[in-house]
Amino acid sequence: MEVEGGVQFEDYFPSMIERLGAEGFIVELCNGFHLLMDVEKGLITFESLRRNTILLGLQDMGDDELVCMLSEGDLDGDGALNQMEFCILMFRLSPGLMDGPKQWVEEI
Ligand SMILES: [Ca+2]
């Protein structure tokens, strides 16, 4: 996943979907997950997120925002994001990107 410094999600994702198509976008999301995750746990934790946000050009995000992002995306309440939770969160952070994000979420 290549991100220029300071690019925001809302600017970045629509053009990415346009370029890659929905399927390619999902592949990129999975790549993003692997960039951000804690390798030993296979999950995105606060620590792994904080360590790796710079890779996504999100180094300006504060701890509060990271905590918020984690709690927003954490569906099973274990305090970390697994791959599915991360993908769902990314879709939710990108409102109006696709016609059927909910449908897609139900399929996985
Ligand atoms: Ca979780």
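These numbers come from a predicted model, not from an experiment.

Reading the values: rules and limits
Residues numbered from 1 in each chain as written. Predicted model: local features only at pLDDT ≥ 70, side-chain atom pairs only at ≥ 80, totals over all residues. Helix = DSSP H or I, 4+ residues; strand = E, 2+ residues; numbered from the N terminus. Contact = placed C-beta atoms within 7 Å. Core = buried A, V, L, I, M, F, W, Y, C linked by C-beta atoms within 7 Å. Buried ≥ 20, exposed ≤ 12 C-beta atoms within 10 Å, placed from the backbone. pLDDT = per-residue confidence, 0-100.

Here's the deal with the overall build of the protein
Phase 1: The helix and strand inventory of the protein stands at five helices and zero strands.
Phase 2: Helices and strands in the protein line up, N terminus first, as α-α-α-α-α.
Phase 3: Sequence separation of at least 24 residues holds for 47% of the intrachain contacts in the protein that already meet a minimum separation of 6.

Some remarks on the nonpolar core
Phase 1: Counting residues in each nonpolar core, the largest one holds 14 residues, and the members touching the most others are Phe-33, Ile-44 and Phe-86.
Phase 2: Aside from chain neighbours lying at most four places away, what touches Ile-44 is Phe-33, Leu-36, Met-37, Asp-38, Leu-49, Ala-80, Leu-81 and Phe-86.

Quick notes on the environment of Arg-51
Phase 1: Structurally, Arg-51 is set in helix H2 (residues 46-52).
Phase 2: C-beta crowding within 10 Å serves as the criterion here: with 12 such atoms nearby, Arg-51 is assigned to the exposed category.
Phase 3: For the pair formed by Arg-51 and Met-37, sequence separation is 14 residues and the distance between their alpha carbons is 9.6 Å.

With respect to the confidence of the model for the protein
The predicted structure's coordinates, where accompanied by low pLDDT, should not be read in detail.
Phase 1: On average, residues of the protein score 79 in pLDDT, and 74% of them reach the 70 mark or higher.
Phase 2: Per-residue pLDDT, averaged within each element of the protein, yields its smallest value for helix H5 (residues 101-107) (51) and its largest for helix H3 (residues 63-73) (91).

What about the environment of Ile-26?
Phase 1: Of note, Ile-26 is situated in helix H1 (residues 9-36).
Phase 2: Owing to 17 C-beta atoms within 10 Å, Ile-26 belongs among the partly exposed residues under this scheme.

Things to note about the environment of Met-90
Phase 1: Considering the arrangement of structural elements, one finds Met-90 in helix H4 (residues 83-92).
Phase 2: Remark: the alpha-carbon pair of Met-90 and Gly-73, spanning 17 residues in sequence, is separated by 8.6 Å.

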